[in-house]
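# Coordinate analysis (summary)
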Amino acid sequence: MSKLKLALFALIAMLGQIAFSQTTTITGVVSDDNGTPLPGASVVVVGTNNGSQTDFDGNYSITNAPSDGKLVISFVGFFTQTISINNQSTINIQLKEDTAQLDEVVVVGYGTQRKESVTGAVSSISADEVTALPVVSFAEALQGRVPGIQVTNSGGPGTDPIVQIRGVGSITFASTPLYVVDGYPVGGLGDFDNNDIESISVLKDASAAAIYGSRAANGVVLVSTKKGRANGKVEFTYKGFTGFSDVPNTLDLLNREQYLQFGRELLSNAGQAEPARWANLDTPIYAGATQTFAQTDTDYQDALFQSAVTTSHHIDLRGGSDKSRFYGSFGYFKQEGIVVGTGFDRYNFRINSDHEITDWLSIGESLTLANGRRENEGEPGGRTSIQNTIRGVPYIPLRDPTLAGGFRSPDGADGTDPVNPLISSLLNTNEDTNVRILGTAYADLRLVKNLKYRFTFGLDWTSATNSDIQPIYFDGFTGNNENKIRKTTSTFSGNYFSNQLNYENSWGDHNLDVLAVAERQDFQQTTLEGYGERDSNTINVLQGTVNQTTSSTLSESSIFSFLGRVNYDFGGKYLFSASIRRDGSSKFSDDNKWATFPGISAGWNLAQESFMEDADNITELKLRASWGKMGFEGIGNYESNAGISTDTYAVINGQVVQGAFFQSLANSALEWEITEMTNIGIDLGLYQNRVQFTAEYYKRTTDNLILIVPTADSQGFQGNTLANVGAMENWGLDFSGSYYSKPGTAFQWNASANIGIFRNTVNGLGSGPIFGGRNADFGDTDITRTAVGDPIQSFYGYRVERIFQTQAEIDQLNAASPNGAYQVAQTAPGDIKFKDLNGDGQVTPDDREVIGSFIPDFSYGLNFDANYKNFFMSMYWYGNQGNDVYNALQVTRQGGVRLFGHDVAVLDAWTPENTNTSIPRMISGDPNANNRTSDRYLEDASFLRLQNLKIGYQFPEEWLGRTLNDNISKLTIYVSGNNLATFTKYSGYDPEIGARGNNLRVQGVDYGQYPRPQSFLLGLELGF
């Protein structure tokens, strides 16, 4: 009986195996995500050589395929898919385009162009790269992705970064590129949801950017938002993540006992008495408190920094037919700041649609609505929150319920006056809110064969309000006796009209594309500011306040433009492009309103030549060169006119009346700032572009830079004027390369790297050197200098030689000095000996020199993406090499200027018993000016940062239908870490230093800048 059972079981198993191994014929269509067939796609049964290629219509057929097997579908430029057969006889597949791999079509000015036909310096990044980081602005997503672009963190949540394309473009004004969203030149980046972006193109050279001539001197960033799909169905997608952020590192500051030890040394060396409170620290910190000053040890950093939550939600609908397509989305983004009292949140709504009304008329629109709110970091007393944190006295508590406002700072008995950092963060309010409407509408008319006309209208409207409220408080030393309320409302509106004719034709090997555009853009901005005071903190509105003042402004400008462009190629081998644009700006006088901006480029695609036929592995080999001119008109609207001030009075007929006078000199000769750029590049693609490499050399010069020129008092004007008197040159090298693994394998990966090198030289200034960064808290000397022959904003100061050890060596130097003093008379052992660079026997301001530059030797990015079956991982690195930072915050931390909190390094300061140190003696008042600007505070801020690491899993589509719901097409979960590790020698919070406020003359000066947070996120993507 048992043998019969075994035989029966064996038979059943064999039948099961036969059934399991049944084969079938499979047919289907392979298309892209817009439904367009993909001819030549590979469809292979996993683990076999059994496969097929799709025909011209995307059809394929495979016989003898196991019914339980899997198909792998691949096509160059698209993500490879693996699909289970599951007894199906018809399987249609849609492949998702991998724009980073193929990128056959790139967005250029006023249209698109095939990548192989592009002759200018154009770089693109995809939607996945844009959303890899949880950042507010899409400009931040450019960091490390594109060679030749410097993106620098410049503040807390919601603050636009500093973006510079191929170097610094201006000395006086911001070198911000022109941003064009869906064809509309815009300003302000924080109102756009990165999930709505389809791609970004960066126009880096003049031939590519000159088409936007008037504002393209600093490069152009083109942003294309997502459109509908002609696939006959509606797709719903949800994307969300949440997580927390922290400050990556903190400083080692003095505790209570260390502070007292440091303070006694500091005051004793200056011959000053100890503060009165130090005689009895055992008294309660306030009346009725159980804790004394001697028992208090406040951690100011722990109070200032917080674990902050970041949350993002985005939903979109996408679909359409051949005649009508739409895309709509709603987004919410909230980012708490790692500094208490700061943060940013935003709501977004977008609707894009395109409709083919007839075979000769198409219309469409793009509309976004945004509402944002930013809580700003306050700067009481002109100091950042971080400066006040470092200065904090450890035995003083942060809070005191007996004081108005509830916060405590040192009072007169403590011999010092740092401000409690929580007053600006938690008590004061500095908040920006805005509502923005940005939209474009277009109509395309096919006039005759190959000739199209497009009319575009755009509207950009923003209403913004700043609320600055400083309530009544008293912190033990200072405060407000009234609630100070300041409200500033501004309204910006812009209109855009564009008329575009486009002719395209091909005959034989000849391909021609001709463009002609006439457009106009108008701007208007109004502001209304009101100020008032109350005797109570309960109501924060201006109505009913006392000491009210109001002021308002109105500013208007317009730009008219005419442009033309011709693109031509012969057989894909010989490429040519030329453009010319003429702009007129109301900002200049009648004689100088108009300027012309030409651009020309050419390319030779050697890979298409007959002599390259045997080079099977070379897909692309293109040489290209370009030249062009670009303009800059980012000055004030009325700078060429004489400024009129009403800050005066006149007596007429015995009556005092309002007066007016010219406060600045008019300059009717003020004209466009024009930049000329030359670019030479090579593009190489191997193995169906699985290996790509690009190298470029560029040179950009400006000979008529707009600078502020001082006017002599004898001319009778109070203010300065602007003139075209400067000259500057940038040159550099950009390199990028990438590798994509061979399609068809279970493990797919790609890696890319880029590096950008640029150098800057100032060739002309209207007068003497331009200084910046002067501040009594940081050595009372200038920190940067812009001078002819040097890089812009070079760090400028003294050189430290060593520390004086004995009075004898000081006396010897003074005796040998021509005026009897080598350094200041108060110099003593423990002070710094600065170098006498000019050899005149004394140390004077003439012994300063350029000691460093904020400009790095090179910047680079490293990216790696991989997926195995349904698992995926991406890793993104970014770094700078060779840039310096002037650590002005180190003066606060280690300077010993006055009795403030410091870091523990001052415990190693020079004393007669501790001479083997690099830190000079601590002496209040700094009589030897040890803290003057010098290389003592200059640090190498080179860094390599793991910007993002993302690991996730995409559930198989067949599992979703079998386990969850047939309507679910995508389910992805992931974890992401940002700013996970930074490798640097820099001693501050963050080596990435931008500029403080709008002062671009102090880039790379660390006054206590808001550090970039470290964050950990959990994300979900769901599609139907």
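Rules behind the numbers
Per-chain numbering applies: the sequence of each chain, read as written, is numbered from 1 onward. A pLDDT threshold of at least 70 governs which residues receive local features in this predicted model, and a stricter bar of 80 or more applies before side-chain atom pairs are shown or counted, although totals over entire chains, interfaces and linings include all residues. Water and hydrogen atoms were dropped before computing side-chain values, which therefore reflect all heavy atoms in the structure. Under the scheme used here, helices are H or I runs from DSSP no shorter than 4 residues and strands are E runs no shorter than 2 residues, and both carry numbers assigned from the N terminus. The globule rule used here is 2.2 Å times the number of residues to the 0.38 power, and the radius of gyration it is set against is calculated over C-alpha atoms. Partly exposed residues are those whose accessible area sits between 20% and 50% of the maximum for their type, while under 20% is buried and over 50% is exposed, using a 1.4 Å probe and protein chains only. Residue contacts are defined here by distance: any two heavy atoms, one from each residue, within 4.5 Å place the two residues in contact. Under the counting rule used here, the positive set is Lys and Arg, the negative set is Asp and Glu, and His together with the chain ends is not counted. Charged side chains are reduced to one point each, which is NZ for Lys, CZ for Arg, CG for Asp and CD for Glu. The aromatic pairing rule takes the rings of Phe, Tyr and Trp, using the six-membered ring of Trp, and pairs them if the centres are within 6.5 Å, calling planes under 30 degrees apart stacked, those over 60 edge-to-face and the rest tilted. Definition used: whenever NZ (Lys) or CZ (Arg) falls within 6 Å of the ring centre and also within 35 degrees of the ring normal, the charge is taken to sit over that ring. The rule for a salt bridge is simple: a side-chain nitrogen of Lys or Arg has to be within 4 Å of a carboxyl oxygen of Asp or Glu. Strand pairing is assigned whenever DSSP identifies at least 2 bridges connecting the two strands. Helix axes are fitted to C-alpha atoms over the stretch in contact, other axes to C-alpha atoms as well, and angles between N-to-C directions run from 0 to 180 degrees. Directions are taken from the helix axis to each C-beta atom, and the arc is the one they span. Take the residue count of a helix, subtract one, and multiply by 1.5 Å to get its expected span. Think of a polar contact as two N or O atoms within 3.5 Å of one another; within protein, one of them needs to be a possible hydrogen donor and the other a possible acceptor, and neighboring residues in sequence only count if both atoms come from side chains.

## Focus: the overall build of the chain
- Each helix and strand counted, the chain has 10 helices and 52 strands in total.
- In summary, the chain has a C-alpha radius of gyration of 33 Å against a globular reference of 31 Å for 1024 residues, a match within 12%.
- C-alpha atoms of the chain, sized along the principal axes, occupy 105 × 95 × 65 Å.
- The 1024 residues of the chain split such that 52% are buried.
- If you take every contact in the chain between residues at least 6 apart in sequence, the share linking residues at least 24 apart comes to 69%.
- Taking the average location of the 75 positive side-chain charges in the chain and that of its 112 negative ones, the two points are 4 Å from each other.

## Remarks on the packing of aromatic side chains
- Counted under the stated rule, the structure contains 26 aromatic pairs.
- Both rings, one in Tyr 184 and one in Tyr 496, keep their centres 5.2 Å apart while their planes meet at 20 degrees; by these two values the pair is stacked. Of this pair, Tyr 184 sits in strand β14 (residues 184-186) while Tyr 496 sits in strand β26 (residues 483-507), and the two are 312 residues apart along the sequence. In terms of burial, Tyr 184 and Tyr 496 fall into one category: buried.
- Each ring, one from Tyr 798 and one from Phe 834, has its centre 5.7 Å from the other, and the planes form 55 degrees; the classification is tilted. In this pair, Tyr 798 sits in the loop between β42 (794-797) and β43 (800-803) while Phe 834 sits in strand β44 (residues 832-834), placing the two residues 36 residues apart along the sequence.
- For Tyr 798, a relative accessible area of 5% translates into the label buried.
- Relative accessible area serves as the criterion here: at 0%, Phe 834 is assigned to the buried category.
- Put simply, the rings of Tyr 259, Trp 278, Phe 293 and Tyr 395 touch in pairs and so form one group of aromatic residues.
- The residue whose ring lies beneath Arg 454 is Tyr 442, and the NZ or CZ to ring-centre distance is 4.0 Å.

## Concerning the pattern of salt bridges
- Applying the stated criterion to the full structure yields 45 salt bridges.
- Several salt bridges share partner residues, and in doing so they unite Arg 166, Lys 204, Glu 620, Lys 622, Arg 624, Asp 683, Glu 696 and Asp 734 into one network.

## Here we look at the environment of Leu 722
- Tracing the backbone shows Leu 722 in strand β38 (residues 721-740).
- Residue classification places Leu 722 among the buried positions, given a relative accessible area of 6%.
- C-alpha of Leu 722 to C-alpha of Glu 671: the two residues are 51 residues apart in sequence and 9.9 Å apart in space.
- In this structure, Leu 722 is in contact with Phe 173, Ile 635, Glu 639, Asn 667, Leu 670, Ile 706, Leu 707 and Ile 708, ignoring residues within four places of it in sequence.

## Considerations on the sheet that holds strand β16 (residues 220-225)
- One open sheet accounts for 5 strands, arranged β10-β15-β16-β13-β14; its pairing is mixed. The open sheet has two free edges, formed respectively by β10 (122-126) and β14, since each of these has just one partner strand. Neighbour-to-neighbour, the strand axes of the sheet open up by a mean angle of 25 degrees, direction not taken into account.
- Where strand β13 (residues 178-181) lies against β14, 3 bridges are found, and the strand directions are antiparallel. Across the sheet, residue Val 180 finds its bridge partner in β14, namely Pro 185.

## A short note on the sheet that holds strand β4 (residues 59-66)
- With mixed pairing, 3 strands are arranged side by side in an open sheet as β4-β1-β7. Of all the strands in the sheet, the pair left with one neighbour each is β4 and β7 (93-95). Neighbouring strand axes in the sheet, compared pairwise and without regard to direction, differ in orientation by 35 degrees on average.

## Considering the environment of Gly 288
- Within the element layout of this structure, Gly 288 appears in the loop between α4 (256-269) and α5 (300-304).
- Taking the C-alpha atoms as reference points, Gly 288 and Thr 402, 114 residues apart in sequence, are found 9.4 Å from one another.

## Points about helix α8 (residues 807-816)
- Along α8, the residues classified as buried are Glu 809, Ile 810 and Asn 814. The buried side chains of α8 occupy one side of the element, clustering within an arc of 135 degrees when seen end-on. Facing away from the buried side of α8, by more than 90 degrees, are the exposed residues Ala 808, Gln 812, Ala 815 and Ala 816.
- On its buried face, α8 sits against β43.

## Some points on the environment of Lys 835
- The topology assignment puts Lys 835 in the loop between β44 and β45 (849-852).
- Since its relative accessible area comes to 34%, Lys 835 is described here as partly exposed.
- Setting aside residues up to four positions removed in sequence, Lys 835 forms contacts with Arg 799, Val 800, Glu 801, Tyr 822, Val 843 and Asp 847.

## Examining α4
- Its 14 residues give α4 an end-to-end C-alpha distance of 20 Å, which sits within 8% of 20 Å, the value for a rise of 1.5 Å per residue.
- Among the residues of α4, those classed as buried are Arg 256, Tyr 259, Leu 260, Phe 262, Gly 263, Leu 266 and Leu 267. Looking down the long axis of α4, one finds its buried residues gathered within 170 degrees of arc, a one-sided arrangement.
- The backbone nitrogen of Glu 257 has a side-chain oxygen 3.3 Å away, supplied by the residue at the start of α4, namely Asn 255.

Spatial relationships are all this shows, so hold off on functional conclusions.
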